[in-house]
Amino acid sequence: DMSHPAVVINCAGYNTHDWAEEDMVKAFRVNAIGARNVASASRKVGAKLIHMSTDDVFDGQSKKPYTEFDDTNPLTVYGRSKRAGENYVKEFTHKHFVIRSNWVYGHGGHNFVNRVLAAAEAGNGLSVASDQFGSPTSAVELAKMIHFLEGTDNYGIFHATCEGETNWADFTEAFYKKLGIKTKVNHITSQEYANMNPDAAKRPAYSNLDNYMLRLTTDQFAMANWEDALDVYLKDFDMENC
């Protein structure tokens, strides 16, 4: 019955960081008020709510992966709007899973993998920050995590990223190497990138998330290593239709 779902997955979000800085009203309407409305509706029909969030709720100043129990401190409009959405979800329905992920890529859509591929096809060299760290996360692995949680009553906040850590520049090189692409990757600092792109929103220097809650609460599921997940993604990769 579509009017009484058992599970609601809220994937909606105003997640273009640069635009969010320029349009705070829209960012908070979508990421905060929208999340509140979905949470309220989910509670009314008795559905579990799976709400997607982000590493941007943290400030990126840590030297070790963030757990679900670390304090949030967003530095951007996007991060603040997503934290507000998390808080509304927690307030409006107890049957919730808040899932924070980062560096998510998949077939189609606007994501980092598709942007660096477009740069390679244009024959351009690419300058990528080498001092921003995280874990590239396959959309397939993230979907597996969502599917696992939806069958449980293990409510709360969960981090869901592929295991391991890298930086944007090394990830780009790994991606190119696996595809046999010869495009040169220039390793630059975040400050150099900001100088080249003055309108770009500030991104966390360190955004690696520890899937701590998953390890605390189950031994039935674990996220794959980011390099293994990338290999799986590339097995079915179609450069003509990505």
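Refer to the structure presented above.
Nothing here was measured: the structure is a model prediction, and the numbers come from that model.

Caption draft 1: Spotlight on the sheet that holds strand β1 (residues 7–10). Reading across from one edge, β1-β2-β3-β8 is the order of the four strands in this open sheet, with parallel pairing throughout. For this open sheet the edge positions go to β1 and β8 (156–159), each flanked by a neighbour on one side alone. In this sheet, neighbouring strand axes are inclined to one another by 20 degrees on average, regardless of whether the strands run parallel or antiparallel.

Caption draft 2: Expanded view of the packing of helix α4 (residues 112–121) against helix α6 (residues 168–179). Taken N-terminus to C-terminus, the directions of α4 and α6 make an angle of 60 degrees; their axes are 11 Å apart at the nearest point. The two elements α4 and α6 cross, and the hand of that crossing is right-handed. Residues F112, V113, V116, L117, A119 and A120 of α4 form the contact with α6, whose participating residues are W168, F171, T172, F175, Y176 and L179.

Caption draft 3: Spotlight on the pattern of salt bridges. Following the criterion strictly, the structure yields five salt bridges and no others. E141 is paired through a salt bridge with K144; the nearest N and O atoms lie 3.2 Å apart. Of this pair, E141 and K144 both sit in helix α5 (residues 139–150), three residues apart, roughly one helical turn. Residue E141 is classed as buried on the basis of its relative accessible area, which comes to 9%.

Caption draft 4: Layout of the side chain of H51. Mapped onto the secondary structure, H51 falls in strand β2 (residues 48–54). Using a relative accessible area of 1% as the deciding quantity, one classes H51 as buried. In this structure the side chain of H51 is engaged in a polar contact, spanning 3.0 Å, whose partner is the side chain of N10. In contact with H51, other than residues within four places in its own chain, are N10, A35, K82, G85, E86, V89, F97, V98 and I99.

Cut-offs applied
- The written sequence of each chain sets the order in which its residues are numbered from 1.
- Whole-chain, interface and lining totals are the exception, using all residues; otherwise, since this is a predicted model, local features are given only for residues with pLDDT of at least 70 and side-chain atom pairs are given and counted only at 80 or more.
- Side-chain measures here rest on the full set of heavy atoms in the structure, leaving out hydrogens and waters.
- Here, a strand pair is defined by DSSP locating no fewer than two bridges between the strands.
- To qualify as a helix, a DSSP run of H or I must reach at least 4 residues; to qualify as a strand, a run of E must reach at least 2; elements of each kind are numbered from the N terminus.
- For helices, the fitted axis covers only the stretch in contact; all axes are lines through C-alpha atoms, and the angles between them, taken along N-to-C directions, range from 0 to 180 degrees.
- What makes a crossing left-handed is the near helix being turned counterclockwise from the far one by less than a right angle; a clockwise turn instead makes it right-handed.
- Only heavy atoms matter for contacts: two residues are in contact if any of them lie within 4.5 Å across the pair.
- Only one rule defines a salt bridge in this text: a Lys or Arg side-chain nitrogen within 4 Å of an Asp or Glu carboxyl oxygen.
- The classification of residues rests on relative accessible area computed with a 1.4 Å probe and restricted to protein chains. Under 20% of the type maximum is buried, over 50% is exposed, and intermediate values are partly exposed.
- Under this definition, polar contacts are N or O atom pairs within 3.5 Å; protein pairs additionally need one hydrogen-donor-capable and one acceptor-capable atom, and for neighbouring residues in sequence, both atoms have to be side-chain atoms.

Honestly, it's all geometry; don't read function into it.
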